[in-house]
Amino acid sequence: MNNRPYIIATGLVLLLAIVFFNLSPDSSARLKRVLASFHIPLFSAQKTVEATGEILVNQAAPRKVLLQEIHELKRQNQILELRLGQTQSLERENHSLREQLELRPKPEWNPRLTRIVGRDPANWWRSVLIDLGTKAGVRVDMPVMSSQGLVGRVQEVHDHRSRVALLGDPACRISVTIEATGESGIISASGGTVFDPTLVKLLYLPANSEARAGDQLYTSGLGEIFPRGIPVGKLTAVTAAPGALTTQASVKLAVNSSKLNEVWVLMP
Amino acid sequence: MKGFFTLTILLTALTSIYAASAWHLPRQLTGAQLDPLPALMLVVALRAPISAVTALAIGGSLLQSALSSGPVGTSLVPLYALGLVVHLNAHSLSQYHIGPRFALGAIAGGVVPALTLSLLVLSGHEPLVGWFTLWQWSVGILGSGIFAVLFFPLLEWLDQSVEEQPLAAPYDTTTRIVRGTRFHG
């Protein structure tokens, strides 16, 4: 048997493996951007198929059902307009009070709706792909949320797509505050189960923490990546080890990311 | 023509990696992500030359990395190791019935994730690992067996489709020309 092709192939693979494992984060991100371009035709095809399917489904919907939906949406719109009026009044009051106290004005966020177009092909990372990228103004570290609460943060940005690291992924550790006690901790990776990826761990609570199961968690706003006050989840159990410097807790996240199809990117 | 076959293998890898990422149903039902690459590598290693095995290991792992938040080329060495071992032992592996095809695919689906996870941990990364990993591994093994059963006929068909076919002669090959001194009017 001629061994030459096997030696060349093995050498090439080992050389590439060494190069890939020693890539800097910047080079790695650039290489991924280039490689992702091979998937663009498939993303476009999927988008076209979904759009066509939506048109067909809309055409098949009976007129009676559509009229009922319009009626229901009009009713909801009126309720939301009333609530918006109340919120705007509170916002003005809040702004005026902040001015009197000489506090810095809160930054405003523009939410932008986007679809989830893909999920991480490996089991050991929790991330999704959304179909908004730099062309739409998306930048790394922008918060991503759903109507129920925080989903994660933008991890990588391409021209028309971005990767979002979900809560529970090692790349998405965030600072949260327990509403009842005011204590802060860090949401970390792991703690989930196969069928319930919404379980994560809360680390670095004070040793004498007064937190209890059922307490609500919100983003703390520390680090200035996430705005303060976005719902994150609630405590399910608090474990205080005797003699330990910190307390750990289990958290059930407000959002089950495995069931999401659309998310909001918060743009400043 | 073998170069064209390698290209079709890479296109199959691209499509199957994309489909596994974009089609959420298996993950929602089982809680595990299915990986088609180990089964594809098994079939390629049994049918194609070492150059195709190398191209699939490099191309497949890079295309998968493009959709993943993990480091680039994580599955390169595990995929190539599987391909090399299978390719060198191709003559002693049974591959003509569904049972052995499923079993080989399942073994491939068990070996590649285990090697990849070991490499990730040894290189200082922090993958999400827990008791649920055993379940995901089991589902991956089963899924890879099914992928192998599907990939065998697909690659056979692709190989036949791109294989060089003999051209049809533009004349009647049964006619005999007999040369001689006498003229046959």
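This one's a predicted model, so the numbers in the text were calculated from it and none came from an experiment.

Cut-offs applied
- Residues numbered from 1 in each chain as written.
- Chains lettered and ligands numbered in written order.
- Predicted model: local features only at pLDDT ≥ 70, side-chain atom pairs only at ≥ 80, totals over all residues.
- Heavy atoms only, no water.
- Helix = DSSP H or I, 4+ residues; strand = E, 2+ residues; numbered from the N terminus.
- Buried < 20%, exposed > 50% of the residue type's maximum accessible area, 1.4 Å probe, protein only.
- Contact = heavy atoms within 4.5 Å.
- Areas by Shrake-Rupley, 256 points an atom, 1.4 Å probe, with all protein chains shown as cover.
- Rg over C-alpha atoms; globule rule 2.2 N^0.38 Å.
- Lys, Arg positive; Asp, Glu negative; His and termini not counted.
- Charge placed at Lys NZ, Arg CZ, Asp CG, Glu CD.
- Buried area = accessible area lost by both parts, 1.4 Å probe.
- Salt bridge = Lys/Arg side-chain N within 4 Å of Asp/Glu carboxyl O.
- Domains from an automatic or database assignment.
- Polar contact = N/O pair within 3.5 Å; in protein donor to acceptor, adjacent residues only side chain to side chain.
- Expected span 1.5 Å × (residues − 1).
- Arc of directions from axis to C-beta.
- Pairing = 2+ DSSP bridges.
- Core = buried A, V, L, I, M, F, W, Y, C linked by side-chain atoms within 4.5 Å.
- Patch = residues over 30% accessible without salt bridge, like charges linked within 9 Å, V, L, I, M, F, W, Y side chains within 5 Å.

Chemist: Just checking my understanding: could you explain the overall build of chain B for this structure?
Modeler: Within chain B, the regular secondary structure consists of seven helices and zero strands. Helices (α) and strands (β) of chain B occur, in sequence order from the N terminus, as α-α-α-α-α-α-α. Here chain B holds 185 residues, and 51% of them are scored as buried. Of all intrachain contacts in chain B linking residues separated by at least 6 positions in sequence, the fraction that spans at least 24 positions is 76%. Counting only carbon and sulfur atoms, one obtains 68% of the accessible surface of chain B, whose full area is about 9500 Å².

Chemist: Just checking my understanding: could you explain the overall build of chain A for this structure?
Modeler: Looking only at helices and strands, one finds four helices and twelve strands in chain A. Taking 18 Å as the expected radius of gyration for a compact globule of 268 residues, we find that chain A reaches 23 Å, considerably beyond that expectation. Each principal axis of the C-alpha distribution contributes one length, and for chain A these read about 80 × 65 × 40 Å. Residues counted as buried form 37% of the 268 residues belonging to chain A. Of the contacts made within chain A by residues no fewer than 6 positions apart, 56% connect residues no fewer than 24 positions apart. Surface summary for chain A: the accessible area is close to 16100 Å², and the carbon and sulfur share equals 57%. The averaged location of the 24 negative side-chain charges in chain A is 6 Å from the averaged location of its 30 positive side-chain charges.

Chemist: Sorry if this is basic, but what is going on with the interface of chain B and chain A here?
Modeler: Interface size is commonly expressed as the accessible area that is lost once the parts come together. With 47 residues of chain B at the contact, the number on the chain A side is 50 residues. Summing the contributions of chain B and of chain A, the shared interface buries around 4500 Å²; its carbon and sulfur component is 68%. Interface area lost by chain B to chain A is led by Tyr18, Val72 and Leu128 of chain B, which between them contribute 17%. In this structure, the connection of chain B to chain A is made through one salt bridge. Within the residue set of the side of chain B that touches chain A, elements represented by two or more residues are α1 (2–22), α2 (25–30), α4 (50–66), α5 (76–88), α6 (98–122) and α7 (131–162) of chain B. When residues of the side of chain B that touches chain A are assigned to their parent elements, the largest contribution, eight residues, is made by α4 of chain B.

Chemist: Is there a simple way to think about the domain arrangement of chain A in this case?
Modeler: All names here are of chain A. What the domain assignment reports for chain A is domain 1 (4–60) and domain 2 (109–268). Distance between the C-alpha centres of domain 1 and domain 2: 26 Å. For the pair domain 1 and domain 2, the two sides together bury roughly 710 Å², of which 51% comes from carbon and sulfur. In this structure, Lys47 and Asp131 form a salt bridge, with 3.7 Å as the shortest nitrogen-oxygen distance. Along the contact surface separating domain 1 from domain 2 lie two residue pairs in polar contact (both at pLDDT 80 or more). Elements that contribute at least two residues to the side of domain 1 that touches domain 2 include exactly α2 (25–36) and α3 (40–60).

Chemist: Help me understand α6 of chain B in this model?
Modeler: Spacing of three or four residues puts side chains on the same side of an α-helix, whose turn is 3.6 residues. Residues and elements named next belong to chain B. With 25 residues, α6 extends 36 Å from end C-alpha to end C-alpha; this agrees with the ideal 36 Å at 1.5 Å per step. Considered for burial, the residues of α6 that qualify are Arg101, Leu104, Gly105, Ala106, Ala108, Gly109, Gly110, Val112, Pro113, Thr116, Leu117 and Leu120. Close packing links the buried residues of α6 with α3 (37–47), α5 and α7. Gly124, located one to two residues past α6, shows a positive phi value of around 85°.

Chemist: Please explain α2 of chain A as it appears in this structure.
Modeler: Helix length check: α2 of chain A (twelve residues) gives 16 Å between terminal C-alpha atoms against 16 Å at 1.5 Å per residue, within 8%. Within α2 of chain A, the full set of buried residues consists of Ser28, Lys32, Leu35 and Ala36 of chain A. Buried residues in α2 of chain A, looked at end-on, bunch into an arc of 95°, giving them a common side. Exposed side chains of α2 of chain A directed beyond 90 degrees from the buried face belong to Asp26 and Val34 of chain A. If you follow the buried residues of α2 of chain A, they end up packed against α3 and β4 (150–157) of chain A together with α4 of chain B.

Chemist: Explain the pairing of strand β2 (residues 127–130) of chain A to me, please; I cannot follow it from the model alone.
Modeler: Residues in a regular strand project their side chains so that they alternate between the two faces of the sheet. Residue and element names in this part refer to chain A. Burial along β2 is two-sided: Ser127 and Leu129 facing one way and Val128 and Ile130 facing the other are all buried. Note that strand β1 (residues 110–119) and β2 share three bridges and pair antiparallel. When the bridges of β2 are listed, Gly118 appears paired with Leu129. With four bridges joining them, β2 and strand β5 (residues 162–166) adopt antiparallel strand pairing. Across the sheet, the residue bridging to Leu129 is Arg163, located in β5.

Chemist: Would you explain the nonpolar core in this entry?
Modeler: Counting 54 residues, the largest nonpolar core has Ile9, Leu40, Leu42, Val44, Leu56, Tyr80 and Leu155 of chain B as its most contacted members. Looking at this core, the elements that each hand over two or more residues are α1 (4–21) and α2 of chain A together with α1, α3, α4, α5, α6 and α7 of chain B. Discounting chain neighbours no more than four positions away, the residues touching Leu40 of chain B are Ile9, Thr12, Ala13, Leu56, Phe151 and Leu155 of chain B. Grouped together as the second largest cluster of nonpolar side chains are 22 residues, Leu150, Cys172, Leu202 and Leu266 of chain A included.

Chemist: Can you help me understand a nonpolar patch on the surface in this one?
Modeler: Residues and elements named next belong to chain B. Judged by side-chain polarity, Phe4, Leu7 and Leu11 come together as a nonpolar surface patch covering roughly 300 Å² of accessible area. When you line up the elements, Leu7 lands in helix α1. Residue Leu7 is classed as partly exposed on the basis of its relative accessible area of 45%.

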